[in-house]
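# Survey of secondary and tertiary structure
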Amino acid sequence: MEIRILSKSDAQVYQEVRLSALRNNPEAFGSTYEREVNVSLQEVAERIEATAEKFVLGAFHNNGSLVGIVTFVREDSPKMSHKGNVFGMYVAPEGRGGGLGKLLMSELIKRAKCCEGLEQINLTVVSDNSSAQKLYKSLGFEVYGLERNALQFNGHYYDQELMVLYL
C-alpha cells in the first residue's frame, strides 16, 4: 500500500473514486454524484493540486488502483488559520477492513502537524456512521457538537457529529 499526496496527473483516478463514493455512500458527503459527474478533469486537477495549505491524500493498492482518499484544507482567514478541516474521507469497499482508513488519517495528521501555527483539525461525520466515528476517536478526535439535519438526501435527514483533534 502506498499513501501519497495526489497530483494533477491523478485527476482521472481521483474522480473515479470520488464518484464511486458519492454513488455508494451519498448520505456521507455534502456534494452529490449528479453535481460532480459533470465536473471537467481540468477542474478536478485544479481541486486536487496541493498547496502549502491544502492536500489530497490517496491510498494506492499494490496493483496500482486508488482505493482511498482524504482531503485536508487549512482555514485561510487570519483569525481561523489555527484550524484545518478534513473532507471527503473515503475508502472503497475493496480497501476496507484492513486499517487503511487509519493509515490515511494518520498520514493526514502527520502532514497537517507540519503546518506552522496549526492547532486543531476539525471534521464532521454522519452520526449513524459508527465505523467512521470509531476510527476518528481512535486517533484522538473528540465530539464537540451535533448538527441536527445537517444533510438532506432523498427526503431523509442526517445528523452530523462535529469532531476535533487538538494538536
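Here the structure is a predicted model, which means the values were calculated and not measured.

## Topic: the packing of aromatic side chains
For any pair of aromatic rings, the description consists of the separation of the ring centres together with the inter-plane angle of the planes. In this structure the tally under the stated criterion is three aromatic pairs. On the basis of an interplanar angle of 65° and a centroid distance of 6.3 Å, the ring pair of Phe29 and Tyr90 is categorised as edge-to-face. Placement of the pair is Phe29 in the loop between helix 1 (11–24) and helix 2 (33–36) and Tyr90 in strand 4 (residues 83–91), with a sequence separation of 61 residues. Accessibility classification places Phe29 together with Tyr90 in one group, the buried group. With centroids separated by 6.0 Å and ring planes inclined at 65°, the aromatic side chains of Tyr136 and Phe141 adopt a geometry described as edge-to-face. For the pair Tyr136 and Phe141, a shared accessibility class is recorded, and that class is buried.

## Some thoughts on the environment of Asp159
Looking at the secondary structure, you find Asp159 in strand 7 (residues 156–166). Beyond its immediate chain neighbours, meaning those up to four positions away, Asp159 contacts Val125, Val126, Ser127, Leu146, Glu147, Arg148, Asn149 and Ala150. Engagement of the side chain of Asp159 in a polar contact is seen with the side chain of Arg148, the distance being 3.4 Å.

## Quick word on the nonpolar core
Counting residues in each nonpolar core, the largest one holds 27 residues, and the members touching the most others are Met105, Leu108, Ile121, Tyr136 and Phe141. If you list the elements that add at least two residues to this core, you get strand 2 (54–60), strand 3 (66–74), strand 4, helix 4 (100–112), strand 5 (120–126), helix 5 (130–138) and strand 7. Each residue touching Tyr136, except ones within four places of it in the same chain, is listed here: Met89, Met105, Leu123, Val125, Phe141 and Met163. Judged by nonpolar contacts, the second largest core, of 17 residues, contains Tyr14, Val17, Leu66 and Tyr90.

## What to know about the sheet that holds strand 5
Read across the open sheet, the seven strands follow the order 1-2-3-4-5-7-6; overall the sheet is mixed. Every other strand in the sheet has two partners, leaving strand 1 (2–5) and strand 6 (142–153) as the edge strands with one partner each. Geometrically, the sheet is characterised by an average inter-axis angle of 25° between neighbouring strands, direction not taken into account. One ladder, built from seven bridges, connects strand 2 with strand 3; its direction is antiparallel. Paired with Phe60 across the strands is Leu66, a residue of strand 3. Where helix 5 meets the sheet, it contacts strand 4, strand 5, strand 6 and strand 7, and its direction lies at approximately 165° from that of strand 5.

The rules behind these values
- Residues numbered from 1 in each chain as written.
- Predicted model: local features only at pLDDT ≥ 70, side-chain atom pairs only at ≥ 80, totals over all residues.
- Heavy atoms only, no water.
- Phe/Tyr/Trp six-rings, centres within 6.5 Å; stacked < 30°, edge-to-face > 60°.
- Helix = DSSP H or I, 4+ residues; strand = E, 2+ residues; numbered from the N terminus.
- Buried < 20%, exposed > 50% of the residue type's maximum accessible area, 1.4 Å probe, protein only.
- Contact = heavy atoms within 4.5 Å.
- Polar contact = N/O pair within 3.5 Å; in protein donor to acceptor, adjacent residues only side chain to side chain.
- Core = buried A, V, L, I, M, F, W, Y, C linked by side-chain atoms within 4.5 Å.
- Pairing = 2+ DSSP bridges.
- Axes fitted to C-alpha atoms, helices over the stretch in contact; angles between N-to-C directions.

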